[in-house]
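Residue-level listing of the chains:
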Amino acid sequence: MTARTHAARIGSQTLDLPVVDVGGGVAIALLITVDQGLHFLQTAGRELGEASRDAQPEIVVTAATLGIPVAIEVTRALGIDDFVVLHKSPKIHLADAVSAGLTSITSRGEQRLMLDRARVDAVRGRRVLFVDDILSTGGSAGAALDILAEVGAEVTGAAFLAVEGAEGLDALTARGVPVYSLGELPLLEAD
């Protein structure tokens with residue numbers, strides 16, 4: 001039996017992504033950024049940086065883990081020298097982190113997104129572009145925006161390789177956050 005795939009357009013690039021069942025009769029085209037290679041990430045980061053330039057960020061913030069390579073390339077494309085990672089693993093330096101709970105379409109159970117207090121001054125009072133791989137339900141993005149608001153950052157935009165369905169897009173739009181992306185991924189019926 002041949003595995004089901006979906007041809008996804010991400011900016012100027014096309015990827016053949018595996019379709020995976022996420023439960024409830026829903027399947028997604030799964031984009032794992034760390035499996036795509038440097039050329040894909042460099043090109044996508046440059047294109048996403050250009051697409052989100054109007055947000056005029058002073059710093060980029062991302063969520064671990066799959067957003068990290070995207071954020072590095074977007075930060076580079078925007079000519080910014082620093083980015084901040086919101087962590088999901090409770091490492092020792094995060095014992096007193098600013099945090100928010102979240103659920104994600106690709107993860108089981110509730111998770112926490114955490115900002116190391118040592119990095120709060122990097123975002124407080126600054127224009128922030130939140131960058132991640134995929135915007136689906138808006139769980140990760142919403143938790144990130146909650147954390148950034150709590151520490152006094154000004155989120156001027158959110159940028160994603162692709163938007164999957166309307167739920168997350170609607171949630172960010174309702175919060176007044178401009179959303180930038182390079183493509184759309186469909187929510188599919190599971191086999």
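You'll find the structure just up there.
Residues numbered from 1 in each chain as written. Predicted model: local features only at pLDDT ≥ 70, side-chain atom pairs only at ≥ 80, totals over all residues. Heavy atoms only, no water.

## Focus: the overall build of the chain
Let me state the cut-off plainly: By the criteria applied, helices consist of DSSP H or I runs no shorter than four residues and strands consist of E runs no shorter than two, each listed in order from the N terminus. Type-normalised accessible area, obtained with a 1.4 Å probe on protein chains alone, sets the label of each residue: buried when under 20%, exposed when over 50%, and partly exposed for intermediate values. The contact rule is simple, with two residues in contact once any of their heavy atoms fall within 4.5 Å. Residues scored as charged are limited to Lys and Arg (positive) and Asp and Glu (negative), so that His and the chain ends carry no count. Where a charge sits is defined by one atom per residue type, namely NZ (Lys), CZ (Arg), CG (Asp) or CD (Glu).
What the chain contains, in helices and strands, is five helices and 12 strands. Per-residue burial for the chain yields a buried fraction of 48% across its 191 residues. Sequence separation of at least 24 residues holds for 63% of the intrachain contacts in the chain that already meet a minimum separation of 6. Counting 15 positive and 25 negative side-chain charges, the chain places the averaged centre of each group 5 Å from the other.

## A few points about the sheet that holds strand β3 (residues 26–29)
Applied cut-off: By this definition, two strands are paired if DSSP reports at least two bridges between them. Angular values range over 0 to 180 degrees, each being the angle between N-to-C directions of two axes fitted as lines to C-alpha atoms, with helices fitted over their stretch in contact.
Reading across from one edge, β1-β2-β3-β12 is the order of the four strands in this open sheet, with antiparallel pairing throughout. Each edge of the open sheet is held by one strand with a lone partner, namely β1 (5–10) and β12 (187–189). With direction set aside, neighbouring strand axes in the sheet form an average angle of 40 degrees. The pairing of β3 with β12 spans three bridges and is classified as antiparallel. Paired with V26 across the two strands is E189, which belongs to β12. Sitting on the sheet, helix α1 (residues 38–51) is in contact with β1 and β2 (13–23), with an inclination near 95 degrees to β2.

## Details of helix α4 (residues 139–150)
Note the following rule: By this rule the span expected of a helix is its residue count minus one, scaled by 1.5 Å.
A rise of 1.5 Å per residue sets the reference length of α4, with its 12 residues, at 16 Å; its end C-alpha atoms lie 17 Å apart and thus fit the reference within 8%. Of all 12 residues in α4, nine are buried, a share of seventy percent or more. The set of residues buried in α4 consists of G139, S140, A141, G142, A143, A144, L145, I147 and L148. Remark: G152 follows α4 within two positions and exhibits a positive phi of approximately 85 degrees.

## Some words on the packing of α1 against helix α2 (residues 68–78)
Inclusion rule: Here the angle decides the label: under 35 degrees means roughly parallel, over 145 means roughly antiparallel, 65 to 115 means roughly perpendicular, and every other value means oblique. The handedness criterion is simple: a crossing whose near helix is rotated anticlockwise from the far helix by less than a right angle is left-handed, and one whose near helix is rotated clockwise is right-handed. All residues other than Ala, Val, Leu, Ile, Met, Phe, Trp, Tyr, Cys, Pro, Asp, Glu, Lys and Arg, Gly among them, are scored as polar; the first ten of these are nonpolar and the last four charged.
Two numbers describe how α1 lies on α2: the axes approach to 7 Å, and their chain directions differ by 55 degrees. In terms of orientation, α1 and α2 fall into the oblique class. Pair α1 / α2 crosses with right-handed handedness. Counted together, L41, Q42, G45, R46, L48 and G49 of α1 and P69, V70, E73, V74, A77 and L78 of α2 form the full contact between these two elements. Within the contact of α1 with α2, the residues separate by chemical class into seven nonpolar, three polar and two charged.

## Quick notes on the pattern of salt bridges
Counted only if it meets this: When a carboxyl oxygen of Asp or Glu lies within 4 Å of a side-chain nitrogen of Lys or Arg, that pair is called a salt bridge.
Counted according to the given criterion, the structure contains eight salt bridges. Of the charged contacts in the structure, one is a salt bridge between D191 and R4, with a shortest N-O distance of 3.0 Å. Here D191, found in the segment after β12, pairs with R4, found in the segment before β1; they are 187 residues apart in sequence, far enough to count as distant. A residue is classified by how much of its surface remains accessible, and R4, at 29% relative accessible area, is partly exposed.

## Concerning the pairing of strand β9 (residues 154–164)
Note the following rule: A crossover counts as right-handed when, viewed with the strands pointing away from the observer, the path leading from the first strand over the helix to the second turns clockwise.
The element β9 is extensively covered by neighbouring structure, given that 10 of its 11 residues are classed as buried. By the bridge criterion, eight bridges tie strand β8 (residues 127–135) to β9 in an arrangement that is parallel. Paired with I134 across the two strands is A162, which belongs to β9. For the handedness criterion, the β-α-β arrangement of β8, α4 and β9 is classed as right-handed.

## Digging into the environment of I32
Looking at the element boundaries, I32 is found in the loop between β3 and α1. Given a relative accessible area of 24%, I32 falls into the partly exposed group.

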